[in-house]
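Architecture at a glance
Read off the chains here:
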Amino acid sequence: MEKKKRLVVLTGAGISAESGLRTFRDSDGLWEGYNVHEVATPRGFRANPQLVLDFYNMRRKDVAAAQPNAAHIGLAALEEHFDVHIITQNIDDLHERGGSTQVLHLHGEIFSMRSVLDEHKTYPIRGDIHWGDLAADGGQLRPHIVWFEEPVPMIEKAAEIAATADLFAVIGTSLQVYPAAGLLHSVPMDTRVWVIDKKIPEIVSAHRVMPIETGACEGIATWTKELLRYR
């Protein structure tokens with residue numbers, strides 16, 4: 001039986017936006033009306049922890065109410081033909097609910113929490129986190145989210161996966177948030193690369209990148225027809 005080619009896909013806010021989940025990039029650094037630095041940085045959490053916890057409690061409800069869209073489902077369907085690895089910047093679980101089985105979350109997961117004293121041990125959370133809720137180690141519980149100004153623990157593993165890609169795609173991301181945007185540089189030079197987004201970002205080595213300038217759902221439907229030629 002012939003081995004499937006490895007397809008690695010980096011996804012961002014644009015794919016979840018089509019399920020109704022907004023992000024800060026939609027409106028001048030505001031996320032649902034909040035300044036990103038107040039709700040998505042360690043100093044914001046130190047300054048007003050309850051505000052930050054309330055913000056992510058609302059995001060958790062938003063994600064629970066959202067449904068996977070045709071783009072999520074389309075990527076999962078590609079597992080029939082390829083060894084598909086999803087690297088996502090998104091904190092929602094829509095890829096998993098859409099059927100994808102190999103998903104790496106670069107920036108954490110909204111349905112997980114951890115102690116402020118230990119970033120490695122996580123706990124599932126479906127409801128709210130309150131100020132005063134403590135982990136077993138006595139530390140305040142916080143969302144298991146990688147905030148701005150924090151290191152990205154999964155970036156090395158993501159780079160290793162990108163380096164093994166036979167085919168690579170970037171979907172729904174501006175390629176402006178680092179270190180995630182730098183993953184493109186880990187992809188082998190002879191690997192075919194596609195970028196699907198409503199606004200194609202400026203990309204280094206653009207000569208080897210094939211752009212599909214449209215939304216994620218429409219773009220993946222178009223791209224899949226072309227992609228199957230490379231099985």
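Going by the structure above, here's the rest.
For the protein, the helix and strand inventory stands at 8 helices and 11 strands. For the protein, the C-alpha atoms occupy an extent of roughly 55 × 40 × 30 Å along the three principal directions. Taken across its 231 residues, the protein has 50% of its residues classed as buried. For the protein, contacts bridging at least 24 residues in sequence account for 64% of all contacts bridging at least 6. For the protein, the computed accessible surface area is about 11300 Å², with 53% contributed by carbon and sulfur atoms. Computing the positive centroid from 24 side-chain charges and the negative centroid from 31, the protein places the two 3 Å apart.

Residues L10, I87, L106, F168 and L183 are the most contacted members of the largest nonpolar core, which totals 23 residues. Where this core is concerned, the elements lending two or more residues are strand 1 (6-11), helix 7 (155-162), strand 9 (167-171) and strand 10 (192-197). Per-element tally for this core: the top contributor is helix 7, with 4 residues. For L106, the contacting residues outside a window of four places in its chain are L10, I87, T88, Q89, V146, V152, M154, I155, A158, A180 and L183.

Strand pairing in a sheet relies on backbone hydrogen bonds. The paired strands run either parallel or antiparallel. Reading across from one edge, 7-6-8 is the order of the 3 strands in this open sheet, with antiparallel pairing throughout. For this open sheet the edge positions go to strand 7 (118-124) and strand 8 (141-145), each flanked by a neighbour on one side alone. Across this sheet, the average inter-strand angle for adjacent strands is 50°, counted without regard to direction. Where strand 6 (residues 108-115) meets strand 7, 4 bridges bridge the pair, whose relative direction is antiparallel. Counted as the bridge partner of S115 is D118 from strand 7.

On to the sheet that holds strand 5 (residues 103-105), then. In space, the 6 strands of this open sheet follow the order 5-4-1-9-10-11, with parallel pairing throughout. Both edges of this open sheet fall to strand 5 and strand 11 (209-213), since each of them pairs with a single strand only. In this sheet, adjacent strand axes meet at a mean angle of 15° when their direction is disregarded. Sheet analysis places strand 10 next to strand 11, joined by 5 bridges and oriented parallel. When the sheet's bridge partners are listed, V193 is paired in strand 11 with V209.

Now for helix 4 (residues 49-65). A rise of 1.5 Å per residue sets the reference length of helix 4, with its 17 residues, at 24 Å; its end C-alpha atoms lie 25 Å apart and thus fit the reference within 8%. Buried within helix 4 we find P49, V52, L53, F55, Y56, N57, R59, R60 and V63.

With that out of the way, let us pick up helix 8 (residues 216-227). Listing the buried residues of helix 8 in full gives A216, G219, I220, W223 and L227. Down the axis, helix 8 shows its buried residues gathered within 95° of arc, on one side only. The exposed residues of helix 8 that point more than 90 degrees off its buried face are E218 and K225.

Counting buried residues in strand 9 gives 5 out of 5 residues, a clear majority hidden from the surface. Neither face of strand 9 is open: one carries L167, A169 and I171, the other F168 and V170, and all of them are buried. Two strands pair when backbone bridges link them, and strand 1 and strand 9 are joined in this way by 5 bridges, in the parallel orientation. Across the sheet, residue L7 finds its bridge partner in strand 9, namely L167. Two strands pair when backbone bridges link them, and strand 9 and strand 10 are joined in this way by 5 bridges, in the parallel orientation.

Criteria and cut-off values
Residues numbered from 1 in each chain as written. Predicted model: local features only at pLDDT ≥ 70, side-chain atom pairs only at ≥ 80, totals over all residues. Heavy atoms only, no water. Helix = DSSP H or I, 4+ residues; strand = E, 2+ residues; numbered from the N terminus. Buried < 20%, exposed > 50% of the residue type's maximum accessible area, 1.4 Å probe, protein only. Contact = heavy atoms within 4.5 Å. Areas by Shrake-Rupley, 256 points an atom, 1.4 Å probe, with all protein chains shown as cover. Lys, Arg positive; Asp, Glu negative; His and termini not counted. Charge placed at Lys NZ, Arg CZ, Asp CG, Glu CD. Core = buried A, V, L, I, M, F, W, Y, C linked by side-chain atoms within 4.5 Å. Pairing = 2+ DSSP bridges. Axes fitted to C-alpha atoms, helices over the stretch in contact; angles between N-to-C directions. Expected span 1.5 Å × (residues − 1). Arc of directions from axis to C-beta.

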